[in-house]
Amino acid sequence: MSGVLRRVNESAAERAERLAGLSERMLAAGSKNELLDLIEQAGAEPRPEGDPGTLESLGRRYRDQLDETMGLRDRVERVARKGLPEVWVGDTSVLASDAVSAVSRAVSDMAEAFEGGFRALIVLADAISEAQNQDSEGRGKLKQALDAIGRDREGFFDELRENDEEEWDRKNAAHDASYGVGLMRKAVLAAGEARRIAARDLNKWAAEARAGKMDTDELSPVDRLMLADASGVKGEAEYNEILTAGELERSGRAMENLPAADRARMELLMANTSSPQEKAYLMKALAAGRSVDEIDEFAFKIQGKDPAWLQRHLSPITTEGDSLDDEGTNPNGSSVNTDDQTFNGQKWIQGGDGSEGTCVASSTVTARAMVDPLYALELTGGPSGQEDDPDAFRQRLVEEQHRLHTEGDGGENWTGMGPEGQERIADDAIGGATGEDYQRHDMNSADERRQVLTEVEKAVAEGKPVPVDVKSDDGAHAMTIIGQEGDMLQIYNPWGTTTWVSEDDFINGDMGKASNGELDDAYSVYVPQ
């Protein structure tokens, strides 16, 4: 027989498709020798990989760390309850009482991450063990089929003289073998899905362990902790952290690489701030690749502003604590639980009122504003950075949408943009701030969407927006994946709204929940590499 060539790192879906083909061919096999060849091919398929014992051992190590972390949290809370004098600590002037509160929250986050990692590894171990058992059961059926017909191959004339009993045995064996391969296929899919979910959860928990992301000796541990803890005052704190995991890492590297004079200027700028949020936005600007000269000017514009003003002007997206609640769908299939994203009542919306077809450019503008606070302030606060006028914001927003639409060679009358232009402006606008190269992944099936999902979720867990294109029979639309919690994805729609859809919605073509109920099919994503 001829061997089967397998691609390195082929997906579970590809292996499952090959096994399904083998199962069908077994039922159609016209001779004993043909069936033996197919059984041999099936037996050569790799078993589900993974060592459940090792995974459980790793999980127990996470659990042991959880016990120690809970003890640390109790000690920190005892310190907080005693009360602290209003003294300043750190290189950039942080109140000791604020620092202890931040430590308490960071330790709680750490405990949650250890617990989440423990659960993820134990669930994966169980799933791999079950898949391996199912695979073994399937291989047992292959052996049963071989025992029924014998392993010896028949000569040419023997095959021509197959009697009724031999034919009966061959067909029964074919059914046994086909059923066994079906079990092996289920095992492949189950193990693949278990690995995908574990990767998703572990990536998320790694991103949630924020306190250690900013790896720089140029700021004290207290300063780094306070920056990781800073969040907007509107919405749920954990959903509105100012610095994402990726931005904490990038700003730490940038601080390390600054010339000594610029580093001293940054420390002075941060010491002169009036809130942890103000400090965090300065570091967010550094993470976006802004120069210290630019940050100096930005710092002057936002100096002394209260946290609500900062969030309104510098963070285009606010995530409410109840935004994940499942409130069902409207009659047209769209989600009931949808939040408007506004600046003083004016939506972050394409064309200023939803009338234009600049969805690609508009999604990109908002994504850039999410990762670059200077860019956001140019739109909301104008040249002075002090404006609070929704009408002026709308004019600047539409002008910027038009600029990017033109740069991406969008269609006339502000309609549509091709994939090459979309990839180009994602690279320039979003990647210019995150330091990433965005690459298009076309998806023509549920398996292809499932395959790219781990990359998508890792990116958004690190705070890197992922543009996504959706379509229906009547048209197409561009949106952005901006968040992930468990098996839910947060979607920004340039109609000025955000909502959550499930992984199953994304995979199986039910993305209409994030729009008008009709734009279901996610067919392209642009993933940072």
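See the structure printed just above.
Keep in mind that what you see is a predicted model, and the values were worked out from it rather than measured.

Let's shift gears to the sheet that holds strand β10 (residues 497-502). Hydrogen bonds between backbone atoms are what pair the strands of a sheet, whose relative direction is either parallel or antiparallel. With antiparallel pairing, the seven strands of this open sheet are ordered in space as β3-β10-β9-β8-β7-β11-β6. Every other strand in the sheet has two partners, leaving β3 (339-340) and β6 (438-442) as the edge strands with one partner each. With two bridges joining them, β3 and β10 adopt antiparallel strand pairing. Bridge pairing links aspartate 339 to threonine 498 in β10. Packing of helix α13 (residues 359-371) onto the sheet brings it into contact with β8 (475-485) and β9 (488-493), and relative to β8 it is tilted by some 20 degrees. This element, helix α17 (residues 446-461), spans β6, β7 (466-472), β8, β9 and β11 (521-528) of the sheet and lies at about 45 degrees to β11.

Of note in this structure, asparagine 344 is not a glycine but carries a positive phi near 50 degrees. Positionally, asparagine 344 belongs in the loop between β4 (342-343) and β5 (346-347). For asparagine 344, a relative accessible area of 33% corresponds to the partly exposed category. Of note in this structure, aspartate 409 is not a glycine but carries a positive phi near 55 degrees. Residue class for aspartate 409 comes out exposed when judged on its relative accessible area of 59%.

Within the structure shown, the criterion is met by one cavity of 30 Å³ or more. The computed volume of the largest cavity comes to approximately 620 Å³. Forming the boundary of the largest cavity are 34 residues, of which Tyr239, Asn240, Glu241, Thr244 and Ile482 lie nearest the centre. For the lining of the largest cavity, the leading source of residues is β8, giving four residues. By residue class, the composition of the lining of the largest cavity is 15 nonpolar, 10 polar and nine charged.

Cut-offs used in this document
Residues numbered from 1 in each chain as written. Predicted model: local features only at pLDDT ≥ 70, side-chain atom pairs only at ≥ 80, totals over all residues. Heavy atoms only, no water. Pairing = 2+ DSSP bridges. Helix = DSSP H or I, 4+ residues; strand = E, 2+ residues; numbered from the N terminus. Contact = heavy atoms within 4.5 Å. Axes fitted to C-alpha atoms, helices over the stretch in contact; angles between N-to-C directions. Buried < 20%, exposed > 50% of the residue type's maximum accessible area, 1.4 Å probe, protein only. 1 Å grid on protein atoms, 1.4 Å probe; cavity = no way out; pocket = protein on both sides within 12 Å on 5 of 7 lines; lining within 4 Å. Points joined across faces, edges and corners; volume = space filled by probe spheres on them. Nonpolar A, V, L, I, M, F, W, Y, C, P; charged D, E, K, R; others polar.

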